Amino acid sequence: MSEVRTRFAPSPTGYLHLGGARTALFNYLFARHHNGQFVLRIEDTDRERSTAESIQAILDAMVWLKLDWDEGPYYQSQRVAFYLEHAERLLASGHAYRCYCTQEELEAKREQALRAGRKPMYDRTCRQRNEQPGGRPYAVRFKTPVDGVTVVEDLVKGHVAFENCELDDLIIVRSDGSPTYNLCVVVDDAMMRITHVIRGDDHLTNTPKQILMYRALDYPLPAFAHLPQILGPDRTRLSKRHGATSVLAYREMGYLPDALVNYLARLGWSHGDQEIFTREELIEKFSLDHVGKSAGIYNAEKLEWVNFHYMKTTPPPELARAVKPFIAARGYDLPGDDSWLAKMVATLQERAKTLVELVELGRFYLIDTVEIPPDLVHKHFKREILPALERLRELFATVDPWCPEAIQRAFERVMSEFHLGLGKIAQPVRIAVTGGTVSPGIFEVLDVLGQARTLRRFDSALTLARQLVALEATGTT
RNA sequence: GGUCCCAUCGUCUAGCGGUUAGGACGCCGGCCUCUCACGUCGGUAACAGGGGUUCGAAUCCCCUUGGGACCA
């Protein structure tokens, strides 16, 4: 029984985007599900476009999503010798040949073929060349069978057949001595003993060529699974104009990694009607035969909903830990007391879709003094209820211990003494302590805010209210 | 241009010959209510089109259309 080995092989030419993250996730889940190994390989043979920052960004994103790998990262740039060695092997065994055609010659042939209405394939001039012109640069081409059919038994797409005559004699080593993509992947996947190649379906048409190379090199064939693409709402490739595509951008926007993982898992894969999966459930339930064949469209609202779900269900202490960087980023002082922060978070977590939003909603908890808008005071601190509010202020001063239940009792006492509904007095208090009309439940807000800050802010509002009432009185007489 | 892939509500999807075509997001409405939310109840909305196969097709086959990918 051979062990399952999967790999994720991004090229570091940009950030890890959602599609790549999902490919990584499926490889990770498949490996974990089968108690196998998950290998990370950086395909940085394109030295022009590969950057160190990009490599770092990909690794950071993988770590953030907790897609931990067992081996690697391997770097293709350090494995060039292996590729060339394999090209030599193919040359020696007659599965490849040297092609001396120049760029110009190829270009001309292509044009000619196109004009004649033929496919722009290499005409295989050098395939039957007998003597090797020494000293001239050459590329190495793979000798593709001229007839027969190569079949990809894809775990997602099913049985896909390609006529060999439609395949070109592809270049495996360029005339400058650099190996090409198809050679590198085959050599790496074979040497790394990858059993399941799970990748985007943009590679499906490369697969028959690769299969032919596996055979020529006498390596066992891995299983292939080609995942459908993730598209933008306009059904084109996901790009910046569809919003954020970089995984790390979601971290900055205040999304939880588990939420993104959950969303990505459900985009293209399903397990009955279930929408929410813990990491363990994903590992337990993931299988390739429930991966859909059709492209999926990225839906920001759904992601937001999934994130919201995780916001609501994450234990407050944990969420408090996650929100700290966002408090700092906003420029607020970080509360020293972790349990207080957890309490604060608990009042907001079912109101905020992201960590960023949570900090925005909790602003009044984090700043020293709130600015109380006079127009709101004017509207909610009507002269008729002022006495009730003064009385409430009086009772607040005596509440001991300061807890939601005791605070509620103070409210209820005023309500019965003045025959007022809670709405009448809760809203003025809310405005006084938060500076706005929207907040979590008033008892818990006051509780978290603490007695001293409550009294201070309430006093300021009452002072302002008295001034406004006095002003009004002189104005009307 | 050639080859290949794909096609169920707007979106993610369940379905794998017999269902009032189910769920979720979104949207709309009711309830709950100290504001906003949460929650809860209900509603809206789909088998791309056309041929076959079959007693019976969303499901199997073919064509068309429409998307997408790869090779250049």
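Residues numbered from 1 in each chain as written. Chains lettered and ligands numbered in written order. Predicted model: local features only at pLDDT ≥ 70, side-chain atom pairs only at ≥ 80, totals over all residues. Heavy atoms only, no water.

A.B. asks: I tried to follow the overall build of chain A on my own but got confused; where do I start?
C.D. replies: Helix and strand content of chain A: 20 helices and 12 strands. For chain A, whose C-alpha radius of gyration is 33 Å, the value lies well above the compact-globule estimate of 23 Å for 477 residues. A principal-axis box enclosing the C-alpha atoms of chain A has dimensions of 110 × 50 × 35 Å. Counting only residues that meet the buried cut, chain A has 49% of its 477 residues in that class. Across chain A, contacts joining residues at least 24 apart in sequence account for 75% of those joining residues at least 6 apart. In the form shown here, chain A has an accessible surface area of approximately 22800 Å², with 52% of it arising from carbon and sulfur atoms. Of the charged side chains in chain A, 59 are positive and 63 negative; the average position of the first set lies 2 Å away from that of the second. (Helix = DSSP H or I, 4+ residues; strand = E, 2+ residues; numbered from the N terminus. Rg over C-alpha atoms; globule rule 2.2 N^0.38 Å. Buried < 20%, exposed > 50% of the residue type's maximum accessible area, 1.4 Å probe, protein only. Contact = heavy atoms within 4.5 Å. Areas by Shrake-Rupley, 256 points an atom, 1.4 Å probe, with all protein chains shown as cover. Lys, Arg positive; Asp, Glu negative; His and termini not counted. Charge placed at Lys NZ, Arg CZ, Asp CG, Glu CD.)

A.B. asks: Help me out: how do you make sense of the packing of helix α16 (residues 386-398) against helix α17 (residues 404-418) in this one?
C.D. replies: If you want to describe how two helices pack, look at the angle between their axes and the distance between the axes. Across the interface, α16 lies against α17 with an axial gap of 10 Å and an inter-helix angle of 145 degrees. In terms of crossing hand, the pair formed by α16 and α17 is right-handed. Seen from α16, the contacting residues are Pro-387, Ala-388, Arg-391, Leu-392, Leu-395 and Phe-396; seen from α17, they are Ile-407, Ala-410, Phe-411, Arg-413, Val-414, Glu-417 and Phe-418. Residues that form the contact of α16 with α17 fall into these classes: 10 nonpolar, no polar and 3 charged. (Axes fitted to C-alpha atoms, helices over the stretch in contact; angles between N-to-C directions. Left-handed = near helix turned anticlockwise from the far one by under 90°. Nonpolar A, V, L, I, M, F, W, Y, C, P; charged D, E, K, R; others polar.)

A.B. asks: Would you take a moment to explain the protein's contact with RNA strand B for this structure?
C.D. replies: The full set close to RNA strand B counts 46 residues, and Arg-110, Lys-157, Gly-268, Arg-351 and Ser-439 are the nearest of them. Protein-proximal atoms of RNA strand B, defined as those within 4 Å of the protein, fall in sugar or phosphate at a share of 75%. With respect to RNA strand B, the backbone of Arg-266 contributes an N or O atom lying 2.8 Å from a sugar or linking oxygen. Glu-350 places a polar main-chain atom, nitrogen or oxygen, 2.9 Å from a sugar or linking oxygen of RNA strand B. Of all elements in the fold, only β7 (158-163), β12 (296-297), α10 (300-313), α18 (422-434) and α19 (442-449) reach the threshold of two or more residues within the surface near RNA strand B. Broken down by class, the residue content of the surface near RNA strand B amounts to 16 nonpolar, 12 polar and 18 charged. (Near = heavy atom within 4 Å. Polar contact = N/O pair within 3.5 Å; in protein donor to acceptor, adjacent residues only side chain to side chain.)

A.B. asks: So what exactly am I meant to see when it comes to the confidence of the model for chain A here?
C.D. replies: Summarising the model, chain A shows a mean pLDDT of 92, and 98% of its residues fall at 70 or more. Under the prediction, the complex receives an ipTM of 0.95, its pTM being 0.93. (pLDDT = per-residue confidence, 0-100.)

A.B. asks: Before we go on, may I ask you to explain the pairing of β7 in this structure?
C.D. replies: For a regular strand, side chains alternate in direction, first toward one face of the sheet and then toward the other. Of the pairings in the sheet, the one linking strand β6 (residues 149-154) to β7 comprises 6 bridges and is antiparallel in character. When the bridges of β7 are listed, Val-152 appears paired with Val-160. Following β6, the chain reverses through 3 residues before pairing antiparallel with β7. (Pairing = 2+ DSSP bridges.)

A.B. asks: Would you mind showing me how to read the nonpolar core here?
C.D. replies: Where a protein is soluble and globular, its nonpolar side chains tend to be buried together. Tyr-365, Phe-381, Phe-396 and Phe-411 are the most contacted members of the largest nonpolar core, which totals 114 residues. The element that contributes the greatest number of residues to this core is helix α1 (residues 18-33), accounting for 9 residues. If near-sequence neighbours (up to four positions away) are discounted, Tyr-365 is found in contact with Trp-340, Met-344, Thr-347, Leu-348, Pro-440, Val-445, Val-448, Leu-449 and Arg-453. Ranked by size, the runner-up nonpolar core spans 31 residues in total, among them Ala-87, Leu-167, Leu-183 and Val-187. (Core = buried A, V, L, I, M, F, W, Y, C linked by side-chain atoms within 4.5 Å.)

A.B. asks: Looking at this structure, how should I read the side chain of Asn-307?
C.D. replies: Mapped onto the elements, Asn-307 comes out in helix α10. A distance of 2.6 Å separates the side chain of Asn-307 from the backbone oxygen of Lys-353, its partner in a polar contact. Apart from residues lying up to four places away in sequence, Asn-307 is in contact with Gly-254, Tyr-255, Leu-256, Ala-259, Lys-353 and Thr-354.

A.B. asks: For this particular structure, what's the right way to read the environment of Val-306?
C.D. replies: Tracing the backbone shows Val-306 in helix α10. In this structure Val-306 comes out as buried when scored by relative accessible area, which is 3%. The sequence separation of Val-306 and Asp-258 amounts to 48 residues, and the corresponding C-alpha distance is 9.3 Å. Once residues within four sequence positions are removed from consideration, Val-306 is found in contact with Ala-259, Asn-262 and Tyr-263.

A.B. asks: In this structure, what is going on with the pattern of salt bridges? I would like to understand it.
C.D. replies: A side chain with one charge may pair with a side chain of the opposite charge, provided their charged atoms come close. The final tally for this structure, using the stated rule, is 26 salt bridges. Between Arg-7 and Asp-189 there is a salt bridge, and its shortest N-O distance comes to 2.9 Å. Taken together, the residues Arg-7 in strand β1 (residues 5-8) and Asp-189 in helix α5 (residues 181-191) connect sequence positions 182 residues apart. Note on accessibility: Arg-7 and Asp-189 belong to one class, buried. One connected set of salt bridges, linked through shared partners, spans Arg-7, Arg-41, Glu-43, Arg-79, Asp-188 and Asp-189. (Salt bridge = Lys/Arg side-chain N within 4 Å of Asp/Glu carboxyl O.)

A.B. asks: I keep staring at the sheet that holds strand β8 (residues 171-173) and nothing clicks. Help me out?
C.D. replies: Two pairing modes exist for strands in a sheet, parallel and antiparallel, and in both the strands are linked by backbone hydrogen bonds. Taken together, 3 strands build an open sheet; the order of strands is β4-β5-β8 and the sheet is antiparallel. The open sheet has two edge strands, β4 (96-99) and β8, and neither has a second partner. Strand-to-strand twist in this sheet, taken as the mean axis angle between neighbours without regard to direction, amounts to 40 degrees.

A.B. asks: Would you take a moment to explain α5 for this structure?
C.D. replies: Each full turn of the α-helix corresponds to 3.6 residues, which orients residues three or four apart in the same direction. Counting buried positions along α5 gives 9 out of 11 residues, so the element sits mostly inside the fold. In this fold, the buried residues of α5 make contact with β1, β2 (37-42), α3 (80-92), β8, β9 (196-200) and α6 (207-217).

A.B. asks: Where do I start with helix α11 (residues 316-329) in this structure?
C.D. replies: Between its terminal C-alpha atoms α11 stretches 20 Å, which fits the 20 Å expected from 14 residues at 1.5 Å a residue. Along α11, the sharpest change in direction is near 35 degrees and occurs at Val-323; proline Pro-325 comes one to four residues later. Those residues of α11 that sit buried are Leu-319, Ala-320, Val-323, Phe-326 and Ile-327. The positive-phi residue at the C-terminal boundary of α11 is Gly-331, with phi of around 90 degrees. (Expected span 1.5 Å × (residues − 1). Bend = angle between axes of the 7 residues up to and from the residue.)

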